[in-house]
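# Observations on the model geometry
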Amino acid sequence: MTDAPRLAVSELTSGGARVPTGARDQSLLPEGEGEQREMDMRFSSITGVVAADEKIRFERMIFRATRGNCFVRFAEIKQPITDPHSGEQIEKCVFIVFYKSLSIEAKLKAICDAFSAHRYSLPDMDDAPSVDRMLTENAQELVDSRTVLLKNQDTRFRLCQLLARSVDKWTWTVLREKAIYHSLNMFKSDVSGMLRGEGWVIAENADDVRDAVNRAHSDMDMNMPSHVDQVPKPWPTPPTHFSTNKFTYGYQEFVNTYGIPRYREANPALFTAATFPFLFGVMYGDIGHGLFLFCSGLFLLYKEKENDNAKLGEMAGGLHAGRYMIAMMGFFAIYAGFIYNDMFSLGLNLFGSRWEFDGQDNGGVEEGDVAALKDGLVYGTGESVYPFGLDPIWHVTSNELLFFNSFKMKLSVIFGIFQMFAGTCLKGINAIYFRQPLDFFFEFVPMIAFATSLFVYMIVLIFMKWGIDWNSRMLSATCIDPASAYWGSELYDGEWVKCDGGGDGTCTPWGYSCSGYDTTDEKCPLDFGGSGDGCQPPNLITTLINIALAPGVVDEPMYNGQASVQNILLLIAFASVPVLLFAKPYFLSRQHSSHAHHHDEGDEHGEEEEEHGFGEILIHQAIETIEFVLGMVSNTASYLRLWALSLAHSELATVFWEKAMLSTINSNFVAAFIGYGIFAGVTFGVLLMMDVLECFLHALRLHWVEFQNKFFAADGVRFAPYSFKQIIDEHSAAS
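Residues numbered from 1 in each chain as written. Predicted model: local features only at pLDDT ≥ 70, side-chain atom pairs only at ≥ 80, totals over all residues. Heavy atoms only, no water.

### Comments concerning the overall build of the chain
Quick reminder of the rule: The helix and strand labels rest on DSSP assignments: H or I over at least four residues marks a helix, E over at least two residues marks a strand, and numbering proceeds from the N terminus. Burial classification: accessible surface area is computed with a 1.4 Å probe over protein chains only, and a residue below 20% of its type maximum counts as buried, one above 50% as exposed, and the rest as partly exposed. When checking whether two residues touch, look at their non-hydrogen atoms; a contact exists if any pair is within 4.5 Å. Per-residue and other accessible areas were derived by the Shrake-Rupley procedure at a 1.4 Å probe size, with only the shown protein chains allowed to occlude residues. All tallies of charge rest on Lys and Arg as positive and Asp and Glu as negative; His and the ends of each chain are not included. Note on charges: their place is set at NZ of Lys, CZ of Arg, CG of Asp or CD of Glu.
Looking only at helices and strands, the chain has 23 helices and 10 strands in total. Taken along the three principal axes of its C-alpha coordinates, the chain extends 165 × 95 × 50 Å. In the chain, buried positions account for 31% of the 735 residues. The long-range fraction of contacts in the chain, counting pairs at least 24 apart against all pairs at least 6 apart in sequence, stands at 68%. Looking at the chain as shown, the accessible area adds up to about 46,300 Å², and 60% of this sits on carbon and sulfur atoms. Computing the positive centroid from 56 side-chain charges and the negative centroid from 90, the chain places the two 14 Å apart.

Now the structure itself:
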């Protein structure tokens, strides 16, 4: 660029004609005017550095601002440069802008400032010595700067090493001092210049507090003594504290997450420690999958000391805190798996099945065949029952799903009603402990009456149906030919009596002559009423619904006088609801009115009477009544999730086994290898990960909603002890 003006001036002065050699160095213009013309043809320049990602916008802005009256060139810098403001590594490039106007120069400087482009002054490119001198000075400055930076870095490193030895000690000292000053600020001035502070202390640690205060005063050598004494009652509501160990800590945190128990209220964590892993096992019941979970818990227990001293993340810390819970969940999953006799959807024939199909040893079993007891076994005796859990023969029958559905559904209802009834009993225990007779007689007693008359009675019917020998009862109402081989069967537990031979020649086992048109109630000897007369197994759902919809009508009774008993239970349930709704508000209003007669406090008394008015108390009690009555129904249905999740787990395991393993195991080695990989992958991802979390959350929900709401107020205040260790741990966790 610096040679172009010279050439232009040379051509202008020469006019394009050839000049003698001796006259080429002489200008045709006057000496002063030629130099002025040459200066007018020179271009000014601005040089600097701009961020690479701003290059396009920077060039576009220059073009628009100068209307194209400049020339811009860029060159990338190979290494990223540290930004002095942010300290980040940024890709930058060098730019140079040629222009010829003072107004353009002002615009270019403003644009550079707007884009945070650093400008640098350069000497004239024709002045080679100045350029070389600048390069030499810059190189020397870089070397000096690098030396200074390295020395500063080394000095800072050694200083940080020196400070790091004491930073923890200084941090702890500052935290302790701040905590002490914060606590002292809550003290109040008392007589003789003393400070008085009130707080809570665990009863069993009161002597330790006195000893600690006395020891601190003796170390300070102060004449004025300190005194720790119990504040006279009445006290405000104390905070709640539970002493936990490694096993109960996780369950207590579960309860505290929902709400803190009131002071001296029944602690749900004590019962959760037993029922939570058990209900999880009911839903997750599988020997193989439960064994994986149990081994995971044992591994966490093995690593207990190592993890106690390690700094764990949020998820790892949660697993470590729940290590005993995980082991218990795995244990009960194995236990329930043995009850269901289910291991990876397969039944285990550990004690030998009591049933067999004809031709099962040679593969001659056909669909529709019925299994029979093995030779020498009699139905109903102890030898005919599988020793522990369900008989493995159920896993190969066509009615497997029907049987397991009925079994698990009834089991879920039994566990649910038992746990809810236990929660209601805890409400009564709380009322007795806190000496609340109104809560005991007019809340607990009606609740127990309502729950017992309908829901506990349901459990009684389930066990009665399980315990009755329906083969014998149904056989007693069956017409049999006395000459046939079935006459005198051991399935009938009564005495076989032949009839007089009238009718169609057949008899019932108790001696009734059949005509071929007899109904079940005519042939049944029990005479319990209804169409079944006691000789036909009932549908329990229909029986329970008819208690309320058809009082006094039992189509398929199981015992004599069932209709009368159910009518009495229905009356008790109906009578308990108004008692639960009106009794407590009535007596509370009576108490407040009698209290008002003994205290004449003007407006304050009026406000109190308004606050505790009968209407407000009745509305609150109505909410409690509706919540309990409807909750017993909805919560019982909610416990069916035990059946649903257990069924889903077993069916998923069956699908994975049949589709991934059975379909490939008989093909070839490669197919079996691939099938096993798919089986292991989906089993781990779905059943050992997702299903564990699902059963965990459902078990947690059953305790929070269905169990704890029967007695748990969850409005307590957690005890926060003054602890330097806790303060330091919280600061370390936050940092």
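### Comments concerning the packing of helix α8 (residues 268–284) against helix α13 (residues 400–433)
In plain terms, the rule: What counts as an axis is a line fitted to C-alpha atoms, over the stretch in contact for a helix, and the angles between N-to-C directions run from 0 to 180 degrees. With respect to orientation, any angle under 35 degrees is reported as roughly parallel, any angle over 145 as roughly antiparallel, any angle of 65 to 115 as roughly perpendicular, and every other angle as oblique. Helix crossings are classified by the rotation of the near helix relative to the far one: an anticlockwise turn of less than a right angle makes the crossing left-handed, while a clockwise turn makes it right-handed. Here the nonpolar group is Ala, Val, Leu, Ile, Met, Phe, Trp, Tyr, Cys and Pro; Asp, Glu, Lys and Arg are the charged ones; every other residue, Gly included, is treated as polar.
Contact pair α8 / α13: the axes reach a minimum separation of 12 Å and the direction vectors enclose 165°. What the angle tells us is that α8 and α13 run roughly antiparallel. Seen from above, α8 lies across α13 with left-handed handedness. In contact with F271, T275, F278, L279 and V282 of α8, α13 contributes F415, Q419 and L426. Looking at the contact of α8 with α13, its residues break down into 6 nonpolar, 2 polar and no charged.

### Let's talk about the pattern of salt bridges
To keep things clear, this is the line we draw: Whenever a carboxyl oxygen of Asp or Glu lies within 4 Å of a side-chain nitrogen of Lys or Arg, that contact is scored as a salt bridge.
With the rule as written, the count across this model stands at 15 salt bridges. Here D439 ties to K584 by a salt bridge, and the two come within 2.5 Å at their closest N and O atoms. In this pair, D439 sits in helix α14 (residues 437–467) while K584 sits in helix α18 (residues 562–598), placing the two residues 145 residues apart along the sequence. Judged by its relative accessible area of 15%, D439 is buried. The class for K584 is buried, based on a relative accessible area of 15%. The network of salt bridges with shared partners includes K427, D439, E443 and K584.

### Details of the sheet that holds strand β5 (residues 92–99)
Note the threshold: A pair of strands is treated as paired once DSSP finds two or more bridges between them.
Strand order in this open sheet of 4 strands is β2-β5-β1-β6, and the pairing throughout is antiparallel. With one partner strand each, in any of the chains shown, β2 (71–76) and β6 (118–120) form the two edges of the open sheet. Neighbouring strand axes in the sheet, compared pairwise and without regard to direction, differ in orientation by 25° on average. Relative to β5, strand β1 (residues 44–51) runs antiparallel, the two sharing 8 bridges. Among the inter-strand pairings, V50 is bridged to a residue of β5, identified as C93. Those strands touched by helix α3 (residues 55–66) are β1, β2 and β5, and its axis lies near 170° from that of β2. Helix α4 (residues 102–114) rests against β1, β5 and β6 of the sheet, and its axis sits at about 165° to β5.

### A closer look at empty space enclosed by the protein
Defined as follows: Cavities and pockets were defined on a 1 Å grid built from protein atoms only: a cavity is a group of points that admits a 1.4 Å probe but offers it no way out, a pocket is an open group of points flanked by protein on both sides within 12 Å along at least five of seven lines, and a lining residue is one with an atom within 4 Å of any such point. Grid points are joined across faces, edges and corners, and a volume is the space filled by probe spheres set on the points.
One pass over the structure, following the stated rule, counts 2 cavities of 30 Å³ or more. Considered as a void within the structure, the largest cavity measures approximately 100 Å³ in volume. Along the walls of the largest cavity sit D342, S345, H395, E400, L401, F404, K408, L647, S650, E651 and T654, which together make up its complete lining. Elements represented by at least two residues in the lining of the largest cavity include exactly α13 and α21 (641–665). The class makeup of the residues in the lining of the largest cavity is 3 nonpolar, 4 polar and 4 charged.

### Focus: unusual backbone geometry
Look at the link from K233 to P234: it is a cis peptide, with omega at 10°. Summarising the element assignment, P234 is placed in the loop between α6 (206–220) and α7 (249–258). For S116, which is not glycine, the phi dihedral falls at a positive 55°. With respect to the element layout, S116 can be found in the loop between α4 and β6. Phi at S345 takes a positive value of approximately 75°, unusual for a residue other than glycine. On the secondary structure map, S345 appears in the loop between α12 (323–340) and β9 (355–356). A relative accessible area of 11% places S345 in the buried class.

### Quick notes on the nonpolar core
The nonpolar side chains of a soluble globular protein tend to be buried, and buried together. To be explicit about the condition: Only buried Ala, Val, Leu, Ile, Met, Phe, Trp, Tyr and Cys residues count toward a nonpolar core, and they belong to the same one when joined by side-chain atoms within 4.5 Å.
F276 and F280 are the most contacted members of the largest nonpolar core, which has 64 residues in total. For this core, the leading source of residues is α14, giving 9 residues. Those residues within four positions of F280 in sequence are excluded, and the remaining contacts are L293, M329, V692, C695, F696 and A699. Among the nonpolar cores identified, the runner-up in size contains 16 residues, and F58, F95, V97 and C112 belong to it.

### So, a nonpolar patch on the surface
Threshold: Only residues whose relative accessible area exceeds 30% and that take part in no salt bridge are eligible for patches, with like-charged residues grouped when within 9 Å of each other and nonpolar side chains (Val, Leu, Ile, Met, Phe, Trp, Tyr) grouped when within 5 Å.
Nonpolar side chains collect at one region of the surface, where I180, Y181, L184, F187, L195, Y722 and F724 lie side by side and expose about 670 Å² of accessible area between them. By the secondary structure assignment, I180 is in helix α5 (residues 128–184).

### Remarks on the state of the cysteines
As a reminder, the rule being used: Put simply, a disulfide is two cysteine sulfurs that come within 2.5 Å.
Applying the stated criterion to the full structure yields 3 disulfides. The side chain of C479 participates in a disulfide bridge whose partner is C514; the two sulfur atoms lie 2.0 Å from each other. An S-S torsion of about -95° defines the bridge between C479 and C514 as left-handed. Of this pair, C479 sits in the loop between α15 (470–476) and α16 (520–523) while C514 sits in the loop between α15 and α16, and the two are 35 residues apart along the sequence.

### A short note on the confidence of the model for the chain
Rule in force here: The quantity known as pLDDT measures the predictor's confidence residue by residue, on a range of 0 to 100.
The predicted model of the chain has a mean per-residue pLDDT of 86, with 91% of residues at 70 or higher. Every residue in residues 1–29 is under pLDDT 50, and counting partners more than four places away or in other chains gives 15 contacts. Throughout residues 602–611 the model reports pLDDT below 50, and contacts reaching past four residues in sequence, or to other chains, amount to 5 contacts.

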